[in-house]
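Examining the three-dimensional arrangement
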Amino acid sequence: MRNFFGKSVAVGAIAMLALTACGSGRDGDSSSSGGGSDAKGFAANSLIGVALPAKTSENWVLAGDLFTSGLKEAGFQSDVQYAGASTTVADQQAQITAMTTKGAKVIVIGATDAAQLSSQVAAAHAAGAKVIAYDRLILNTADLDYYVAFDNFKVGQLQGQALLDGMKKKKPTGPYTIELFSGSPDDNNAGVFFNGAMDVLKPEIDKGNVVVGSGQKDVKQTAIQGWKAEGAQARMDQLLTSTYGSKTLDGVLSPNDTLARAIIQSIKSAGKPVPVVTGQDSEAESVKSIMKGEQYMTINKDTRNLVKETINMVKSLQAGSDPQINDTKSYNNGTKVVPTYLLPPVAVTKDNAAEAYANDPKLSLLTK
Ligand code: BGC
């Protein structure tokens, strides 16, 4: 079975597993430890490696800075690396290997390609390092110790619900015409976000209240490789030409803010009214767009909390205890169910932005 997991199969399969788990009481259990009982601790000033993907959204830029300062504050040495923009997979593989060679005790990975890291993770593990998947799951490896992320399925559900609510606010009765976009197929999150959104949208599509104008409903048809803004803009340009000559577009499911702004740009360039567009990440430019009534919503996944939880895991491992986890069901990576700590995402529209960003000094200024 394991050998049977090709890359695309695995991504779909994992997304489905997450969906199945989500449909049946997805809170997981609330056990407070996991990941094996062989934790023995290590020296307080050990090296911790952090391998992040390319800077495809602001959250990754912030995460690198926060890991550097937070690990230092906790007394660790750190090696924080980003994959480059073009050779992302090879870069990240080499970075993880170098961290292992340098004797890192924990390697935190924001995967650039979920299915291409199993050999590097196995080597790290064999050298005695613990491996934590940060934000994005790593597939097809028994050597991944923990996963820490915002609840990705919930992110999708919040986006789907906000899309419906936003369209209803503008036009009380349907049917509503929408288009669907999803993230990069090499990022396991992309499928989970999409399944979360479809969990909310599909019943409405089945009833005929919501119509996907182009008919492109399959995640493969909606995917934007590398989470690239230009990819989203090109697909939206093409959809406008093929489908929206005279038809009105009421809403667009966009998986994140970078793509949302590109989609809005495409629609404005075509001289069409901006429909209800979803997003994710609370990027400054999107918060501004929401405040002026263009982008409809985003998701707040406070990177400060995600990095803090990850560093807490590292501290527990250093002390020789099992890190806190709160989900043992949702994330099967094709080889094992990975002990996970999930944080709650928050949906943000113009209506609750001031409240949602109240303790974020930079974003709260934008809501005034
Ligand atoms: C993250 C999103 C982000 C995307 C593109 C995903 O894995 O969870 O927050 O928008 O990557 O960078």
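Up top is the structure these notes are about.
These remarks concern the structure in this document. (Residues numbered from 1 in each chain as written. Predicted model: local features only at pLDDT ≥ 70, side-chain atom pairs only at ≥ 80, totals over all residues. Heavy atoms only, no water.)

**Quick notes on empty space enclosed by the protein**
This model, assessed by the stated rule, comprises three cavities of 30 Å³ or more. Reported here for the largest cavity is a volume of approximately 100 Å³. Around the largest cavity, the lining is made up of 14 residues, and of these Ser 57, Arg 136, Trp 227, Asn 256 and Asp 281 lie nearest the centre. For the lining of the largest cavity, the elements supplying multiple residues, two or more each, are α2 (58–73) and α6 (188–207). Looking at the lining of the largest cavity residue by residue, the class counts come to three nonpolar, six polar and five charged. (1 Å grid on protein atoms, 1.4 Å probe; cavity = no way out; pocket = protein on both sides within 12 Å on 5 of 7 lines; lining within 4 Å. Points joined across faces, edges and corners; volume = space filled by probe spheres on them. Helix = DSSP H or I, 4+ residues; strand = E, 2+ residues; numbered from the N terminus. Nonpolar A, V, L, I, M, F, W, Y, C, P; charged D, E, K, R; others polar.)

**Side note on the sheet that holds strand β8 (residues 251–253)**
Spatially, β7-β6-β8-β9 is the arrangement adopted by the four strands of the open sheet, whose pairing is parallel. Two strands lie at the open edges of the sheet, namely β7 (210–212) and β9 (276–277), each paired on one side alone. Both strand β6 (residues 176–180) and β7 contribute to a ladder of three bridges, which runs parallel. Bridge pairing links Ile 178 to Val 212 in β7. (Pairing = 2+ DSSP bridges.)

**Regarding the site of the ligand**
Taken together, 14 residues are adjacent to the ligand, and Ser 57, Asp 135, Arg 136, Asp 187 and Asp 281 come closest. In the environment of the ligand, an oxygen atom lies 2.6 Å from a nitrogen or oxygen atom belonging to the side chain of Ser 57. Contacts to the ligand include Arg 136, whose side-chain N or O atom sits 2.7 Å from an oxygen atom. Protein contacts shield 100% of the accessible area of the ligand, which totals 310 Å² for the unbound molecule. Here the ligand is seated within the largest cavity. When residues of the shell around the ligand are traced back to their parent elements, those giving at least two are α2 and α6. Lining the shell around the ligand are residues from two domains, each supplying at least three of them: domain 1 (2–150 + 302–343) and domain 2 (152–301 + 349–367). (Near = heavy atom within 4 Å. Polar contact = N/O pair within 3.5 Å; in protein donor to acceptor, adjacent residues only side chain to side chain. Areas by Shrake-Rupley, 256 points an atom, 1.4 Å probe, with all protein chains shown as cover. Sits in = over half its atoms within 2 Å of the grid points. Domains from an automatic or database assignment.)

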